[in-house]
Amino acid sequence: MKTSIALLFFILLNGYVSKAQVQYQQRNDFNLTVSGTSTLHDWEMKTSKIACNATFTFYEDGNLGGLTLLNFTMPAESLKSDHKGMDDNAYRAMKTSKNPTITFNLTNATISTDSKNIQCTGKLTIAGVTKDVELAATAKVNADKSINIKGSKKINMRDYNIDPPSFMMGAVKTGENVTIDFNLTFRQ
């Protein structure tokens, strides 16, 4: 009798915490913005041209339980501002002729118990330089089962061997720090 009760308890507990993995690929809405400052004005560059794969794990109740795979690749020159000259300066600074892509590969992720926050570590490669980074994001599972992930990360361009662009013979200089904002919606 004790064995039966223990087995029933184990089955019920296991059923509550069991997870299902769902892989998400294209058919998604991805937006990324890089913003910074200069001695003339603030600036931003945007792209939605991102190839991304992710595998999420869900509890039986539908809550997000884990993130086991996340990688993205984007053409560095897909980042665009409202000024072509600024874009060209940024591409030179990022050495896009030799390093045409920006990538991120997840190494670890933790989901909060309320399924609303994700802490990630991974490898971010910009201008041919790869650094370990930590990312914090919010997560929302929508009624249509899509998943929206939003976050922001500040980086120093010099950490990636990027000299902050300047123009007009150095009269206008950009700041070393930039903010990367991402808004990713994954659909099955």
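Undergrad: Explain the overall build of the protein to me, using residue names and the numbers behind them.
TA: In terms of regular secondary structure, the protein is built from 2 helices and 12 strands. The secondary structure elements of the protein, listed N-terminal to C-terminal, are α-β-β-β-β-β-α-β-β-β-β-β-β-β. A burial count over the protein gives 42% of its 188 residues as buried. When contacts within the protein are restricted to residue pairs at least 6 apart in sequence, those whose partners lie at least 24 apart make up 58%. When the accessible surface of the protein is summed, it comes to about 11200 Å², and 54% of that surface belongs to carbon and sulfur atoms.

Undergrad: Residue-level account of the layout of surface pockets, with values.
TA: The volume enclosed by the largest pocket comes to roughly 670 Å³. Considering the residues around the largest pocket, the lining is formed by 43 residues, among which Leu32, Val34, Leu79, Val178 and Ile180 are closest to the centre. Counted by class, the lining of the largest pocket contains 36 nonpolar, 6 polar and 1 charged residues.

Undergrad: Would you mind going over the nonpolar core in detail, with residue names and values included?
TA: For soluble globular proteins, the rule of thumb is that nonpolar side chains tend to be buried together. Of all hydrophobic cores here, the largest spans 48 residues; its most connected members are Phe56, Leu67, Ile118, Ile126, Ile149 and Phe186. In contact with isoleucine 126, not counting residues within four places along its chain, are Met94, Ile102, Ile155, Tyr160 and Ile162.

Undergrad: Can you explain the pattern of salt bridges? Please cite residues and give values.
TA: For the structure on display, the rule yields 6 salt bridges. We note a salt bridge from lysine 46 to glutamate 44, for which the minimum N-O separation is 3.4 Å. Overall, lysine 46 belongs to the partly exposed group, its relative accessible area being 45%. Taken together, the shared-partner salt bridges connect Arg158, Asp163 and Glu176 into one network.

Undergrad: Kindly report on unusual backbone geometry, identifying the contributing residues and their values.
TA: Of note in this structure, lysine 145 is not a glycine but carries a positive phi near 75°. Locating lysine 145 in the fold gives a position in the loop between strand 8 (129-141) and strand 9 (147-156).

Undergrad: Tell me about the environment of leucine 67, residues and numbers included.
TA: With respect to the helices and strands, leucine 67 occurs in strand 5 (residues 64-75). Assessed through its relative accessible area of 7%, leucine 67 is described here as buried. Taking the C-alpha atoms as reference points, leucine 67 and threonine 57, 10 residues apart in sequence, are found 6.1 Å from one another. Non-local contacts of leucine 67, meaning those with residues more than four positions away in its chain, are made with Ala54, Thr55, Phe56, Leu106, Ala109, Ile111, Ile118 and Cys120.

About the thresholds
Residues numbered from 1 in each chain as written. Predicted model: local features only at pLDDT ≥ 70, side-chain atom pairs only at ≥ 80, totals over all residues. Heavy atoms only, no water. Helix = DSSP H or I, 4+ residues; strand = E, 2+ residues; numbered from the N terminus. Buried < 20%, exposed > 50% of the residue type's maximum accessible area, 1.4 Å probe, protein only. Contact = heavy atoms within 4.5 Å. Areas by Shrake-Rupley, 256 points an atom, 1.4 Å probe, with all protein chains shown as cover. 1 Å grid on protein atoms, 1.4 Å probe; cavity = no way out; pocket = protein on both sides within 12 Å on 5 of 7 lines; lining within 4 Å. Points joined across faces, edges and corners; volume = space filled by probe spheres on them. Nonpolar A, V, L, I, M, F, W, Y, C, P; charged D, E, K, R; others polar. Core = buried A, V, L, I, M, F, W, Y, C linked by side-chain atoms within 4.5 Å. Salt bridge = Lys/Arg side-chain N within 4 Å of Asp/Glu carboxyl O.

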